[in-house]
Amino acid sequence: MDWQLVADSFWPLLRGGLVGTIPLALASFAIGLVLALVVALLRLSPNPVLSWVGRAYVSLIRGTPLLVQLFIIFYGLPQLGVRFDPWPAAIIAFSMNVGGYAAEVIRAAILSVPKGQWEAGWTVGMSPVRTLSRIILPQAARVSVPPLSNTFISLVKDTSLATVILVTEMFRKAQEIAAFSNEFMVIYTEAALIYWMFCTVLATGQNAIEKRLDRYVAH
Amino acid sequence: MSPTDPSDRPEPSDRPVPDTLLTARGIEKSFGTNHVLRGVDLEVRRGEVIALIGPSGSGKTTVLRSLNGLETPDAGLVQVAGGPVVDFGAQAAATTGAWAGRRAGARRAKADRAALRDRSAMVFQHHNLFPHRTVLENVIEGPTQVKRIPRATAVNRAEELLARVGLEDKRDAYPHELSGGQQQRVGIVRALALEPDLLLFDEPTSALDPELVGEVLTVMKELADEGWTMVVVTHELQFARQVADEVLFLDGGVVVERGAPAQIFSQPAEERTRRFLDRILHPLD
């Protein structure tokens, strides 16, 4: 095994992760969560039209491959005159994808908060929006950390798909180095280990957040 | 710790009898085919304590929840503390029909609920404290977020109220660190901090261990002695007897009998009242 190659390629790969994979995942997750909250509230709306819109969105996102979604946005939309650079196209596609999956998590988390909490907020005089933001969502957040962490970890790995729309993230770097050196096994394994490292760090972060949010819960 | 001075807010000119604090007329409510309220009237004067008693399913909790819009009756009028008369029948009619009409109806329903909630506060059977906030934060949430009272003022007042119920040392505890009785006392303090005209209690001791009931009832009795206006749904007949000015016995969605506690408990006029009291007072016979 060519240890020199491993040593030489480590930094370019890690750098691809730090400037490509991680920012792409963070930006998409942040935007995706906002979108997910909107979709979750649509689904919970008593208005049948709004609720249907939310359901349709979730169904479309979950029912179609992420790779195909990426292709539609990057290669398909330009034919309709809507043209995105690789990075914006990737962020749009990943955000929309997270929006669909996380919406179900957030919806379930909101529903898991007892109805009495809403009523307590209202009788204290708060509007439904304020009750949602100050009373319900903080409690829902706690329940949704584990499943949302799952979504985020999946997203980190899924960003490797962005390579097909020419985003230079870690996996694209790996492909370049592998093609140049012809050491496919070594380079792709190395890339896999760096993804694994990222996800391990994230799982640790999840534990820390859970612990922090658990302080008000009886054990 | 005294009820809000009524002179604090502008008095509408069409205010009825001056010391009537709450008027409810013809409250009706169905859940599906279950007709739980069949026209309930209620009148409470300032400083009075009204106890609602009756078997489970009699509608007493639904009456209470209608008074602050947690339940939306199908028909009936409610007015609290000189506020607008909320006409639930008209509201129900307005929320059907075309889209624009429904929008207007929804706006009206919202204003109606606000009118009731601005003037009353509720103590729940399961306290419904906010578990992610400390005792102090629970108490100042309404004053600071809704009434826009400066935080320092709200904190001072919250500390006074907590001291009144013997919980000054619990201000930084989370609700799950308290006993059931302490939780319910915080629930009462949270309601008092809103300085409502009317305090509503929904079976405040039903979920408590028997040995914790007394500390909550003691606080409630003190509030009554201080002149707070209270409507209390309760199974604590002894409390109703000692503290209430009037007792209403509900069964099957109607007020079967109402009167002074001495009369209701000693010489109930109605057979249904008598049977209910018998079952509660002599459960083994």
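Please read these numbers as outputs of a predicted model, since none were measured by experiment.

Looking at this model, I keep getting lost on the overall build of chain B. Mind explaining?
What chain B contains, in helices and strands, is 10 helices and 10 strands. Computed over its C-alpha atoms, the radius of gyration of chain B comes to 19 Å, within 12% of the 19 Å expected for a compact globule of 285 residues. Dimensions of chain B along its principal axes, counting C-alpha atoms only, are 60 × 50 × 35 Å. The contacts of chain B with a sequence gap of at least 6 include a subset with a gap of at least 24, amounting to 65%. Of the roughly 12400 Å² of accessible surface on chain B, 48% is carried by carbon and sulfur atoms. Each charge class in chain B was averaged separately, 34 positive and 41 negative side chains, and the resulting centres sit 7 Å apart.

I would appreciate a short explanation of the nonpolar core in the present structure.
Nonpolar side chains tend to gather and get buried jointly when the protein is soluble and globular. Grouped together as the largest cluster of nonpolar side chains are 125 residues, with contacts concentrated most on B:L42, B:M230 and B:V231. A total of 12 residues in this core trace back to one element, the largest contributor, which is helix α4 (residues 86-112) of chain A. Once residues within four sequence positions are removed from consideration, B:M230 is found in contact with B:E48, B:V49, B:I50, B:L199, B:F201, B:M220, B:L223 and B:A224. Counting residues in hydrophobic clusters, the runner-up holds 12 residues, among them A:L5, A:L14, A:I187 and A:Y195.

How should I be thinking about the packing of aromatic side chains in this particular structure?
Here a ring pair, both rings aromatic, is described through the centre-centre distance and the interplanar angle of the planes. Taken as a whole and judged by the stated rule, the model has seven aromatic pairs over all chains. Ring centres 5.7 Å apart and planes at 35 degrees place the aromatic pair A:F171 and A:Y188 in the tilted group. With A:F171 in helix α7 (residues 170-181) and A:Y188 in helix α8 (residues 184-213), this pair connects stretches of sequence that are 17 residues apart. For A:F171, a relative accessible area of 24% corresponds to the partly exposed category. Taken together, a centroid distance of 5.1 Å and an interplanar angle of 35 degrees make the contact between B:F249 and B:F276 tilted. On the criterion of sequence distance, the pair formed by B:F249 in strand β9 (residues 246-251) and B:F276 in helix α10 (residues 271-281) is long-range, its members being 27 residues apart. A single burial state applies to B:F249 and to B:F276, both of which are buried. Here a set of aromatic residues connected by ring pairs shows up, and it is made of A:F71, A:F74 and A:Y75.

What am I meant to see in the side chain of A:S28 here?
Take A:S28: it is sitting in helix α1 (residues 3-44). Excluding residues that lie within four positions of it along the chain, A:S28 makes contacts with A:A90, A:I91, A:F94, A:S95, A:V98 and A:L155.

Looking at this structure, how should I read a nonpolar patch on the surface?
Residues and elements named next belong to chain A. Taken together, the side chains of L67, F71, Y75 and L166 define a hydrophobic patch exposed on the protein surface, amounting to about 350 Å² of accessible area. With respect to the helices, strands and loops of the structure, L67 is situated in helix α3 (residues 66-76). Under the relative-accessibility criterion, L67 is labelled partly exposed at 34%.

What should I look at first to understand the pairing of strand β8 (residues 229-233) of chain B in this one?
Consecutive residues of a regular strand have side chains that alternate between opposite faces of the sheet. Residue and element names in this part refer to chain B. Taking burial as the measure, the five residues of β8 include five buried ones, the bulk of the element. Note: strand β7 (residues 198-202) against β8, five bridges, orientation parallel. Its bridge partner being in β8, L199 is matched across the sheet by M230. At this point the chain moves from β7, through helix α7 (residues 210-225), to the parallel β8, and the crossover so formed is right-handed.

Just checking my understanding: could you explain the sheet that holds strand β5 (residues 86-87) of chain B for this structure?
Residue and element names in this part refer to chain B. Spatially, β2-β1-β4-β5 is the arrangement adopted by the four strands of the open sheet, whose pairing is antiparallel. Two strands close off the open sheet at either side, each with one partner strand: β2 (34-45) and β5. In terms of strand pairing, strand β1 (residues 20-31) meets β2 through nine bridges, oriented antiparallel. Residue K29 lies in a different strand from β2, and its bridge partner there is L37.

Just checking my understanding: could you explain the sheet that holds strand β6 (residues 120-123) of chain B for this structure?
Two modes of strand pairing occur in sheets, parallel and antiparallel, and in both the strands are linked by backbone hydrogen bonds. Residue and element names in this part refer to chain B. Read across the sheet, six strands follow the order β6-β7-β8-β3-β9-β10 without closing on themselves; strand pairing throughout is mixed. Unpaired on one side and paired on the other, β6 and β10 (254-259) mark the two borders of the sheet. Here the average twist between neighbouring strands, direction ignored, is 20 degrees. Sheet analysis places β9 next to β10, joined by five bridges and oriented antiparallel. The residue bridging L248 from the neighbouring strand is R258, located in β10. Its contacts with the sheet put α7 on β3 (49-53), β7 and β8, and the angle it makes with β8 is roughly 145 degrees.

Would you explain the confidence of the model for chain B in this entry?
Regions with low pLDDT carry predicted coordinates that are not meant to be interpreted in detail. Residue and element names in this part refer to chain B. Model confidence for chain B is summarised by a mean pLDDT of 88, while 92% of its residues fall at 70 or above. In this model, residues 6-13 is a region of pLDDT below 50 whose contacts with residues beyond four sequence positions or in other chains number four contacts. At the level of chain-chain contacts, confidence expressed as ipTM amounts to 0.87, with global pTM at 0.85.

I'm lost on the pattern of salt bridges in this one. Help?
Side chains bearing opposite charge may pair, as long as their charged atoms lie close to each other. Counted by the stated rule, this structure contains 23 salt bridges over all chains. Close ionic contact of A:R43 with A:E104 constitutes a salt bridge, the shortest N to O distance being 2.8 Å. Residue A:R43 is found in helix α1, and its partner A:E104 is found in helix α4; the two are separated by 61 residues along the sequence. Note on accessibility: A:R43 and A:E104 belong to one class, buried. With a shortest N-O distance of 2.9 Å, B:E71 and B:R65 are connected by a salt bridge. Looking at B:R65, the relative accessible area reads 11%, which means it is buried. A single network of salt bridges, built from pairs that share partners, joins A:K115, A:E119, B:R65 and B:E71.

Can you help me understand unusual backbone geometry in this one?
Both trends apply: most residues other than glycine have a negative phi, and most peptide bonds are in trans. Residue and element names in this part refer to chain B. Its identity as a non-glycine residue notwithstanding, N128 has a phi of 50 degrees, on the positive side. Here the phi dihedral of E203 falls at roughly 45 degrees; this positive angle occurs in a residue that is not glycine. Mapped onto the elements, E203 comes out in the loop between β7 and α7.

Rules of the game
- Residues numbered from 1 in each chain as written.
- Chains lettered and ligands numbered in written order.
- Predicted model: local features only at pLDDT ≥ 70, side-chain atom pairs only at ≥ 80, totals over all residues.
- Heavy atoms only, no water.
- Helix = DSSP H or I, 4+ residues; strand = E, 2+ residues; numbered from the N terminus.
- Rg over C-alpha atoms; globule rule 2.2 N^0.38 Å.
- Contact = heavy atoms within 4.5 Å.
- Areas by Shrake-Rupley, 256 points an atom, 1.4 Å probe, with all protein chains shown as cover.
- Lys, Arg positive; Asp, Glu negative; His and termini not counted.
- Charge placed at Lys NZ, Arg CZ, Asp CG, Glu CD.
- Core = buried A, V, L, I, M, F, W, Y, C linked by side-chain atoms within 4.5 Å.
- Buried < 20%, exposed > 50% of the residue type's maximum accessible area, 1.4 Å probe, protein only.
- Phe/Tyr/Trp six-rings, centres within 6.5 Å; stacked < 30°, edge-to-face > 60°.
- Patch = residues over 30% accessible without salt bridge, like charges linked within 9 Å, V, L, I, M, F, W, Y side chains within 5 Å.
- Salt bridge = Lys/Arg side-chain N within 4 Å of Asp/Glu carboxyl O.
- Pairing = 2+ DSSP bridges.
- Right-handed = clockwise from strand over helix to strand, strands pointing away.
- Axes fitted to C-alpha atoms, helices over the stretch in contact; angles between N-to-C directions.
- pLDDT = per-residue confidence, 0-100.

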